[in-house]
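One letter stands for each residue in the lines below.
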Amino acid sequence: MRPHLKRAREELGLTGTEAAYRLGISFHGYSAIERGVRDPRGSTCVKMVELFNLPLAELLFVQHDSTTSPAQEEYADDDTA
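Calculation rules
Residues numbered from 1 in each chain as written. Predicted model: local features only at pLDDT ≥ 70, side-chain atom pairs only at ≥ 80, totals over all residues. Heavy atoms only, no water. Salt bridge = Lys/Arg side-chain N within 4 Å of Asp/Glu carboxyl O. Helix = DSSP H or I, 4+ residues; strand = E, 2+ residues; numbered from the N terminus. Buried < 20%, exposed > 50% of the residue type's maximum accessible area, 1.4 Å probe, protein only. 1 Å grid on protein atoms, 1.4 Å probe; cavity = no way out; pocket = protein on both sides within 12 Å on 5 of 7 lines; lining within 4 Å. Points joined across faces, edges and corners; volume = space filled by probe spheres on them. Core = buried A, V, L, I, M, F, W, Y, C linked by side-chain atoms within 4.5 Å. Contact = heavy atoms within 4.5 Å. Polar contact = N/O pair within 3.5 Å; in protein donor to acceptor, adjacent residues only side chain to side chain.

J.: Residues and numbers for the pattern of salt bridges, please.
T.: As enumerated under the stated definition, the model contains two salt bridges in all. With a shortest N-O distance of 2.5 Å, aspartate 39 and arginine 2 are connected by a salt bridge. Note that aspartate 39 is positioned in the loop between α3 (27-34) and α4 (42-52) and arginine 2 in the segment before α1 (3-11), a separation of 37 residues in sequence. Residue classification places aspartate 39 among the exposed residues on the basis of a relative accessible area of 62%.

So, in structure tokens, the structure goes:
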């Protein structure tokens, strides 16, 4: 999970859908970024810094659940398999 990204979105009063729209990506894609399952593309990173007005390193910091490994989280959320 990316707690700083979620907090920044909530402080702006945006839903995940609204943030995704402003960033020009799908809600599913934004949700995966916020959950720390996927990393954003470079162009999306630039837009995120502009939208949330926070350093990229802070926005992309991933805090993993202590009971689930990152690989398990990615596999569990991968809908392409």
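That shown, we press on.
J.: So what's going on with unusual backbone geometry? Which residues, and what values?
T.: With a phi close to 55°, asparagine 53 is a non-glycine residue in the positive phi region. Mapping asparagine 53 onto the fold places it in the loop between α4 and α5 (56-60).

J.: Tell me about the layout of surface pockets, residues and numbers included.
T.: A volume near 170 Å³ is recorded for the largest pocket. Lining of the largest pocket is provided by Ile25, Ser26, Gly29, Ile33, Arg38, Asp39, Pro40, Arg41 and Thr44.

J.: Could you give me a rundown of the nonpolar core, with the residues and numbers involved?
T.: One finds Leu5, Ala8, Leu14, Ala19, Ala20, Leu23, Tyr30, Ile33, Met48, Leu51, Phe52 and Leu59 forming the largest nonpolar core, which totals twelve residues. Mapped by element, the contributors of at least two residues to this core are α1, α2 (16-23), α3 and α4. Non-local contacts of phenylalanine 52, meaning those with residues more than four positions away in its chain, are made with Leu5, Ala8, Arg9, Leu12, Ala19, Tyr30 and Leu59.

J.: Break down the side chain of threonine 44 for me, citing the residues and quoting the values.
T.: In this fold, threonine 44 is placed in helix α4. If we ignore the near neighbours within four places in the chain, the residues touching threonine 44 are Leu23, Ile25 and Ile33.

J.: Can you break down the side chain of arginine 2 residue by residue, with the values?
T.: Look at arginine 2 and you get buried, because its relative accessible area is 1%. Of the polar contacts made by the side chain of arginine 2, one reaches the backbone oxygen of leucine 60; its length is 3.0 Å. Other than its neighbours up to four places away in sequence, arginine 2 contacts Ile33, Glu34, Arg35, Gly36, Arg38, Asp39, Leu59, Leu60, Phe61 and Val62.

J.: An account of α3 is requested, with residue identities and associated values reported.
T.: Listed as buried for α3 are Tyr30, Ser31, Ala32, Ile33 and Glu34. Those residues of α3 hidden inside the fold are in contact with α1, α2 and α4. Glycine 36, located one to two residues past α3, shows a positive phi value of around 80°.

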